[in-house]
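Secondary and tertiary structure notes
Residues per chain are reported as follows:
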Amino acid sequence: MTSNQPESTRRRALICGVSGQDGAYLARLLLGKGYQVFGTSRDASMSSFRNLRALGLHEDIQLESMAPTDFRSVLQVMKKTSPDEIYNLAGQSSVSLSFQQPVETLESIGTGTLNLLEAVRFVDGPIRVYNAGSSECFGDTGGVPATEETPFRPRSPYAVAKAAAFWEVANYREAYGLYACSGILYNHESPLRPHRFVTRKIVSAAARIAGGSNEKLRLGNLSIERDWGWAPEYVEAMWLMLQQDSARDYVIATGEANKLSDFVDASFREAGLDWRDHVEVDAALLRPTDITRGVGDPTLAARDLGWRAKNRMRDVVRLMLEAERARG
């Protein structure tokens, strides 16, 4: 997916955390738009970049090692790549894991984001920064769809770290005039999700059981509700946020909530099974605190960015299961 444009005229994008789900899909989008794409991971020489390879992009991206918690490392990569746009997708990405690793979570997200912003300020160039925010910051909203004005009430170490990063971005935007913004993204899934994410865990189990496995799928709280979308669409919203005349934060969501039991039902139904025959609730998988219902109001993104989610939960299930079957 190489561009015919000379490198001197191509826009340059730095994706911090390029090896994850969103980083890979964003890299594909930007390469398709003619960007020269640079990507970072903690150790580029040792990382497998499985997702980039799965999308056939590994050879099209210049990969750099960067430790987000080390300011010198961040500054060196920024000077070497001279980006026009930076997408901050790095940091610990699991809500469940954050309860086990709260310090690592806060440092990788909070300190990592601060180092990136300070490096941009230090370089003092016309760099635009996108930060990956999270709907987890809202906590429980009483079932009301969250907007950009909804207060944060984080209920996990991950959400606390993301809230800190969000306000760091807002502060640098207001205090130093940086073009920096956060996308407050609701759950967005794809076949590139690791198996530790419950959506991939469910779809993979449904595919295996349909193929003859006798296993039982063990899950935690099935009554929680989430706003699930399709990751390749959400990275387009990230790009659109950096193309506006001025920077501001946006909620990115489908606007539709479904129970986890509905996601399970849709996955097993798509596989020709009744989930109640194959699923067990395991109390050990319950989180210390959880959000009962998470749903976003994407009205502002639709108005300003022209962005609307095309795929809903059942579409996501179908697309993920198709990919699982293709893997065999």
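The notes below deal with the structure included here. (Residues numbered from 1 in each chain as written. Predicted model: local features only at pLDDT ≥ 70, side-chain atom pairs only at ≥ 80, totals over all residues. Heavy atoms only, no water.)

Our next topic: the state of the cysteines. Scanning all chains against the criterion turns up zero disulfides. In this structure C137 is a free cysteine whose sulfur lies 15 Å from that of C181, the closest cysteine sulfur available. You can see C181 has no disulfide; the closest cysteine sulfur is in C16, sitting 14 Å from it. Under the relative-accessibility criterion, C181 is labelled buried at 0%. (Disulfide = S-S within 2.5 Å. Buried < 20%, exposed > 50% of the residue type's maximum accessible area, 1.4 Å probe, protein only.)

The next subject is the pairing of strand β5 (residues 128-134). Within a regular strand, the side chains alternate between the two sheet faces. In terms of burial, β5 is a largely internal element, six of the seven residues being buried. Sheet topology note: the strand β4 (residues 85-88)/β5 ladder contains four bridges and is parallel. Across the sheet, I86 pairs through a bridge with V129, a residue of β5. Here seven bridges tie β5 to strand β6 (residues 179-185), and the two strands are oriented parallel to one another. From the neighbouring strand, N131 faces β6, where its bridge partner is S182. (Helix = DSSP H or I, 4+ residues; strand = E, 2+ residues; numbered from the N terminus. Pairing = 2+ DSSP bridges.)

On to the sheet that holds strand β3 (residues 62-65), then. Overall, parallel pairing links the seven strands, which are arranged β3-β2-β1-β4-β5-β6-β11 in an open sheet. A single partner strand is all that each edge strand has here, and the edge strands are β3 and β11 (250-252). Averaged over all pairs of adjacent strands, the angle between their axes in this sheet comes to 25°, without regard to strand direction. Across the sheet, helix α1 (residues 21-32) is in contact with β1 (12-16), β2 (36-41) and β4; its angle to β1 comes to roughly 175°. (Axes fitted to C-alpha atoms, helices over the stretch in contact; angles between N-to-C directions. Contact = heavy atoms within 4.5 Å.)

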